[in-house]
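One-letter residues, chain by chain:
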Amino acid sequence: MFLVDRLLGNSLVYRLWQAPFVEDKLAPLRRHNDLASVRSVLDVGCGPGTNTATFPGTRYLGIDLNEGYVNLARARFGRPFLVADATRFHPEGERYDFILANSLLHHLNDAGVTSMFGNLKGLLTQDGHIHVVDLVLPSRWGAPRALALLDRGDHPRAHGHVKALFERFFDVAAEERFALTLAGQPLWEMVYLKGRART
């Protein structure tokens, strides 16, 4: 696993690994939202800018802990990216109507997810939504379960566990379970959750 971590820590390798799945992974986002009406995006765990092209002409900020990813994203896209921890990120006076956490939760333990969600809840505008796309750990053995367990994220969770963490802070406005496939074979089971801050 150390070798996998090292390889995927390289921004070029990561981009090539993700390339076949980027559009399918974000398809639920497009189905459940009018992206043309989005005013401001906070892309949490933005990696090397994988999601940036989804939001042209929108006020956008990507944050990630990986400085190499952030530097590459800045050079490639010429948009704002910061090295920042989403559990403690407090931009003064800034709020976002669209917060995205794409494939981030399974890299954080429950305490980390709880801390992040608690922080991000306060960064939403009154009419804003958070959007989570993440893999889920299937109960049955097969390729999706094996790949979830082999992922460099150490915290794959069952669907119900992901949703329970989400619902501590957000009311679910949309939910979709889907699979990422290659040549018609499911490789990962995924969930998309859209939510508004609980009051």
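In what follows, the structure referred to is the one given above.
Residues numbered from 1 in each chain as written. Predicted model: local features only at pLDDT ≥ 70, side-chain atom pairs only at ≥ 80, totals over all residues. Heavy atoms only, no water.

Asks: Let's hear about the sheet that holds strand E6 (residues 170-182): which residues, and what values?
Replies: Strand order in this open sheet of seven strands is E3-E2-E1-E4-E5-E7-E6, and the pairing throughout is mixed. Whereas interior strands pair on both sides, the edge strands pair on one side only; in this sheet they are strand E3 (81-83) and E6. Each strand of the sheet is rotated relative to its neighbour by a mean of 15°, with strand direction disregarded. Lying over the sheet, helix H4 (residues 67-77) contacts strand E2 (59-64) and E3, oriented at roughly 165° with respect to E3. (Pairing = 2+ DSSP bridges. Helix = DSSP H or I, 4+ residues; strand = E, 2+ residues; numbered from the N terminus. Axes fitted to C-alpha atoms, helices over the stretch in contact; angles between N-to-C directions. Contact = heavy atoms within 4.5 Å.)

Asks: With reference to specific residues and values, describe helix H5 (residues 110-121).
Replies: Spanning twelve residues, H5 covers 16 Å between terminal C-alpha atoms, matching the ideal 16 Å at 1.5 Å per step. Buried within H5 are the following residues: Gly-112, Val-113, Thr-114, Met-116, Phe-117, Asn-119 and Leu-120. Turning to H5, the residues buried within the fold contact strand E1 (40-44), strand E4 (96-102), strand E5 (124-136), helix H7 (159-167) and E6. For H5, the side-chain oxygen to backbone nitrogen distance between the N-cap and Ala-111 is 3.2 Å, and the N-cap itself is Asn-109. (Expected span 1.5 Å × (residues − 1). Buried < 20%, exposed > 50% of the residue type's maximum accessible area, 1.4 Å probe, protein only. Polar contact = N/O pair within 3.5 Å; in protein donor to acceptor, adjacent residues only side chain to side chain.)

Asks: Pulling in residues and values, what's your account of the pattern of salt bridges?
Replies: Where charged atoms of side chains with opposite charge meet at close range, the side chains can pair. Applying the stated criterion across every chain yields a total of ten salt bridges. For the salt bridge of Arg-30 with Glu-23, the shortest nitrogen-to-oxygen distance reads 3.3 Å. Classification of Arg-30 as partly exposed rests on a relative accessible area of 37%. In this structure, Arg-39 and Asp-97 form a salt bridge, with 3.9 Å as the shortest nitrogen-oxygen distance. Here Asp-97 lies in strand E4 and Arg-39 lies in the loop between helix H3 (22-31) and E1, a separation of 58 residues in the sequence. Taking relative accessible area as the criterion, Arg-39 reaches 45% and is therefore assigned partly exposed. Taking the relative accessible area as the measure of exposure, Asp-97 reaches 10% and is therefore buried. (Salt bridge = Lys/Arg side-chain N within 4 Å of Asp/Glu carboxyl O.)

Asks: A description of the environment of Glu-23 should follow, citing residues and the corresponding values.
Replies: Take Glu-23: it is sitting in helix H3. When the C-alpha positions of Glu-23 and Asn-51 are compared, they lie 9.4 Å apart, and in sequence the two are 28 residues distant. Of note is the side chain of Glu-23, whose polar atom sits 3.3 Å from the side chain of Arg-30.

Asks: Break down unusual backbone geometry for me, with residues and values.
Replies: Unusually for a residue other than glycine, Ser-103 sits at a positive phi of about 60°. As for its placement among the helices and strands, Ser-103 is situated in the loop between E4 and H5. For Ser-103, a relative accessible area of 14% translates into the label buried.

Asks: Just give me the short version of the packing of H5 against H7, but keep the residues and values in it.
Replies: Running from N to C, H5 and H7 cross one another at 35°; their axes reach a closest spacing of 9 Å. Helix-helix and strand crossings are classified by hand; for H5 and H7 the assignment is right-handed. Residue-level contacts link Asp-110, Val-113, Thr-114 and Phe-117 of H5 to His-161, Leu-165 and Phe-166 of H7. (Left-handed = near helix turned anticlockwise from the far one by under 90°.)

Asks: Explain the packing of aromatic side chains to me, and be specific about the residues and the numbers.
Replies: Applying the stated criterion across every chain yields a total of nine aromatic pairs. Look at Phe-77 and Phe-81: their rings are 6.5 Å apart centre to centre, the planes differ by 45°, and that puts the pair in the tilted class. Take Phe-77: its relative accessible area is 28%, and that puts it in the partly exposed class. Members of the aromatic cluster, joined through ring pairs, are Phe-55, Tyr-60, Phe-77, Phe-81 and Phe-98. Of note, Arg-145 hangs over the ring of Trp-141, and the distance from its end group to the ring centre comes to 4.8 Å. (Phe/Tyr/Trp six-rings, centres within 6.5 Å; stacked < 30°, edge-to-face > 60°. Lys NZ or Arg CZ within 6 Å of the ring centre and 35° of its normal.)

Asks: Mind laying out the nonpolar core, listing which residues take part and the relevant values?
Replies: In this structure, Leu-42, Val-44, Ile-99 and Phe-117 are the most contacted members of the largest nonpolar core, which totals 28 residues. Contributions of two or more residues to this core are made by E1, E2, E4, H5, E5, H7 and strand E7 (185-197). Those residues within four positions of Leu-42 in sequence are excluded, and the remaining contacts are Leu-61, Ile-63, Phe-89, Tyr-96, Phe-98, Ile-99, Leu-100, Leu-120 and Leu-123. Listed in part, the 25 residues of the second largest apolar core include Leu-29, Leu-135, Trp-188 and Met-190. (Core = buried A, V, L, I, M, F, W, Y, C linked by side-chain atoms within 4.5 Å.)

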